[in-house]
Amino acid sequence: ISQLSGNGAGTMKFNEAVSSSRRKSRKSHFTAPSHIRRKLMSAPLSAELRAKYNVRSVPIRKDDEVQVVRGTFKNREGKVMQVYRRKWVIHIERITRERVNGATVNVGIDPSKVVITKLKVDKNRKELLDRKKGSKEEKGKGKFTEAEVQAMQDVD
């Protein structure tokens, strides 16, 4: 069965309406409009926030506090000053560099390379967290219960 064929009979696709073409995927990513970029520019929550809200990641926004986890600025913390959707980056307080002419400029950080340590929660954000938490609990994702673990050990 060929998985690579575009329209072969034996394709391993779940939804025929969605393309698995690299070219189309890249085009849709890089030409995505702002409201879709918002969702694509999500950042994971810290361990404490993940435990509190039972949500893994949320779209990043202006007044969140984040910690950089990769790159030159690793372990630096600060408040998000700007989510620059056009350039796919976020600007964080106190993460700047000197230009040759002496001007200080913000350094763009990829949102996937930070963890959110403090959320700015307003009405809409609260609804989003409740919605995401609800869908996670319904599917029964996550850890096994004690009873399930015992049942699995009894199988042997």
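Note: the structure precedes this text.
Report on the accompanying structure. (Residues numbered from 1 in each chain as written. Predicted model: local features only at pLDDT ≥ 70, side-chain atom pairs only at ≥ 80, totals over all residues. Heavy atoms only, no water.)

1. Some points on the sheet that holds strand S3 (residues 65-68)
This is how it is decided: Should DSSP find at least two bridges between two strands, the strands are regarded as paired. Comment: elements are numbered from the N terminus, with helices defined as DSSP H or I runs of at least four residues and strands as E runs of at least two. Only the contacting stretch of a helix is used when fitting its axis, a line to C-alpha atoms as for every element, and angles between N-to-C directions run 0 to 180 degrees.
Ordered in space as S6-S5-S4-S3-S7, the five strands form an open sheet in which the pairing is antiparallel. The open sheet has two edge strands with one neighbour each: strand S6 (104-109) and strand S7 (114-118). Across the sheet, the axes of successive neighbouring strands diverge by a mean angle of 55°, strand direction being ignored. Of the pairings in the sheet, the one linking S3 to strand S4 (residues 77-84) comprises three bridges and is antiparallel in character. Residue pairing across strands places Gln67 opposite Glu77, the latter belonging to S4.

2. Re the pattern of salt bridges
We apply this condition: We define a salt bridge as a contact between a side-chain nitrogen of Lys or Arg and a carboxyl oxygen of Asp or Glu at a distance within 4 Å. Any residue under 20% of the maximum accessible area for its type is buried, any over 50% is exposed, and the rest in between are partly exposed; the area is computed with a 1.4 Å probe on protein chains only.
A complete count under the given rule lists five salt bridges for this structure. Its salt-bridge partner being Asp64, residue Arg125 comes within 2.8 Å of it at the nearest N-O pair. In this pair, Arg125 sits in helix H4 (residues 123-139) while Asp64 sits in the loop between strand S2 (57-59) and S3, placing the two residues 61 residues apart along the sequence. Across this residue pair, the class does not change: Arg125 and Asp64 are buried. Of the charged contacts, one joins Arg94 and Glu93 as a salt bridge, the two residues approaching to 3.4 Å between their closest N and O atoms. Residue classification places Arg94 among the exposed positions, given a relative accessible area of 58%. Note on Glu93: relative accessible area 30%, which makes it partly exposed.

3. Re the nonpolar core
This is how it is decided: Only buried residues count toward a nonpolar core. Its members are Ala, Val, Leu, Ile, Met, Phe, Trp, Tyr and Cys residues joined through side-chain atoms within 4.5 Å. Every residue pair with non-hydrogen atoms within 4.5 Å of one another is taken to be in contact.
One finds Ile109, Val114 and Ile116 to be the most contacted residues of the largest nonpolar core, which totals 24 residues. Put simply, the parts of the chain that give this core at least two residues each are helix H3 (47-53), S3, strand S5 (89-98), S6, S7 and H4. Top element by residues in this core is S5. It accounts for three residues. In this structure Ile109 touches Val68, Phe73, Val89, Ile90, Ile92, Ile95 and Val114, once residues within four positions along its chain are discounted.

4. Section: a positive patch on the surface
To keep things clear, this is the line we draw: Patch members must show over 30% relative accessible area and no salt bridge, and they are joined within 9 Å when carrying like charges or within 5 Å when they are nonpolar side chains of Val, Leu, Ile, Met, Phe, Trp or Tyr. Each accessible area is a Shrake-Rupley estimate made with a 1.4 Å probe; only the visible protein chains count as cover when residues are assessed. When charges are counted, Lys and Arg contribute as positive and Asp and Glu as negative, whereas His and the chain ends are disregarded. By convention, the point assigned to a charge is CZ for Arg, NZ for Lys, CD for Glu and CG for Asp.
Taken together, the side chains of Arg38, Lys39, Arg131 and Lys132 present a region of like positive charge at the surface. Residue assignment for the positive patch shows that the elements contributing at least two residues are helix H2 (34-40) and H4. By the secondary structure assignment, Lys132 is in helix H4. For Lys132, a relative accessible area of 33% corresponds to the partly exposed category.

5. Comments concerning a nonpolar patch on the surface
On the surface, Phe144, Val149 and Met152 cluster together into a nonpolar patch covering about 280 Å² of accessible area. Relative to the helices and strands, Met152 is located in helix H5 (residues 146-155).

6. A word on the side chain of His91
By secondary structure assignment, the location of His91 is in strand S5. Beyond its immediate chain neighbours, meaning those up to four positions away, His91 contacts Lys79, Val80, Met81, Gln82, Tyr84, Asn106, Val107 and Gly108.

7. A few points about the pairing of S6
Looking along a regular strand, one sees the side chains alternate between the two faces of the sheet. Direction of pairing for S5 relative to S6: antiparallel, over a ladder of five bridges. Within the sheet, the bridge partner assigned to Arg97 lies in S6 and is Val105. In this antiparallel pair of consecutive strands, S5 and S6, the connection spans five residues, and Gly102 shows a positive phi of 95°.

8. Overview of unusual backbone geometry
Here Trp88, not a glycine, exhibits a phi torsion of approximately 65°, which is positive. Mapped onto the secondary structure, Trp88 falls in the loop between S4 and S5. By relative accessible area, Trp88 is classed as buried at 16%. Of note, Arg94 is a non-glycine position whose phi angle comes to about 65°, a positive value. Topologically, Arg94 is positioned in strand S5.

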